[in-house]
Amino acid sequence: MINYIFILGLNINAISEEEKDEIQKLIEKRNRFRNIKNYDESDKIRRELLNKFDIELIDHRGFTVWKKLN
């Protein structure tokens, strides 16, 4: 079930705490793969986050942030 928050005329998808926890764990796992240069596995996790949660990852030096696309 998708929950929406209405802010300043925009509908924004709400993410549950459980989903946030799962997203964070997947990002941490992905970063471990990236650190050991296992890019195939890290790309699989990136695709999983996109397909399952509609999450885009943005990598910076030393950390990764994410945003909900829709």
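Look above for the structure.
Presented here is a report on the structure given in the accompanying data block.

Definitions and cut-offs
- Residues numbered from 1 in each chain as written.
- Predicted model: local features only at pLDDT ≥ 70, side-chain atom pairs only at ≥ 80, totals over all residues.
- Heavy atoms only, no water.
- Core = buried A, V, L, I, M, F, W, Y, C linked by side-chain atoms within 4.5 Å.
- Buried < 20%, exposed > 50% of the residue type's maximum accessible area, 1.4 Å probe, protein only.
- Helix = DSSP H or I, 4+ residues; strand = E, 2+ residues; numbered from the N terminus.
- Contact = heavy atoms within 4.5 Å.
- Polar contact = N/O pair within 3.5 Å; in protein donor to acceptor, adjacent residues only side chain to side chain.
- Pairing = 2+ DSSP bridges.
- Salt bridge = Lys/Arg side-chain N within 4 Å of Asp/Glu carboxyl O.

1. Points about the nonpolar core
- Counting ten residues, the largest nonpolar core is built from Ile15, Ile23, Leu26, Ile27, Phe33, Ile45, Leu49, Phe53, Ile55 and Leu57.
- Among the secondary structure elements, those contributing two or more residues to this core are helix H1 (17-35), helix H2 (39-53) and strand S3 (55-60).
- By residue number, the principal contributor to this core is H1, which donates four residues.
- Beyond its immediate stretch of four places on either side in the chain, Ile45 contacts Leu26, Lys29, Arg30 and Phe33.

2. Section: the side chain of Arg30
- Position of Arg30 relative to the elements: it lies in helix H1.
- Judged by its relative accessible area of 2%, Arg30 falls in the buried class.
- In this structure the side chain of Arg30 is engaged in a polar contact, spanning 3.4 Å, whose partner is the backbone oxygen of Ser42.
- With residues near it in sequence (within four places) discarded, Arg30 still touches Ser42, Ile45, Arg46, Leu57, Asp59 and Thr64.

3. Description of the pairing of strand S4 (residues 63-68)
- For S3 and S4, the ladder comprises six bridges, and the chain directions are antiparallel. For Glu56, the partnering residue across the bridge sits in S4 and is Lys67.
- Joining the antiparallel neighbours S3 and S4 is a turn of two residues, in which Gly62 adopts a positive phi near 90 degrees.

4. Structural notes on the pattern of salt bridges
- With the rule as written, the count across this model stands at seven salt bridges.
- The closest approach of N and O atoms between Glu17 and Lys20, which form a salt bridge, is 3.5 Å. Of this pair, Glu17 and Lys20 both sit in helix H1, three residues apart, which is roughly one turn of the helix.
- Of the charged contacts, one joins Lys67 and Glu56 as a salt bridge, the two residues approaching to 3.5 Å between their closest N and O atoms. With Lys67 in strand S4 and Glu56 in strand S3, this pair connects stretches of sequence that are eleven residues apart.
- The exposure class assigned to Glu56 is partly exposed, which follows from its relative accessible area of 32%.

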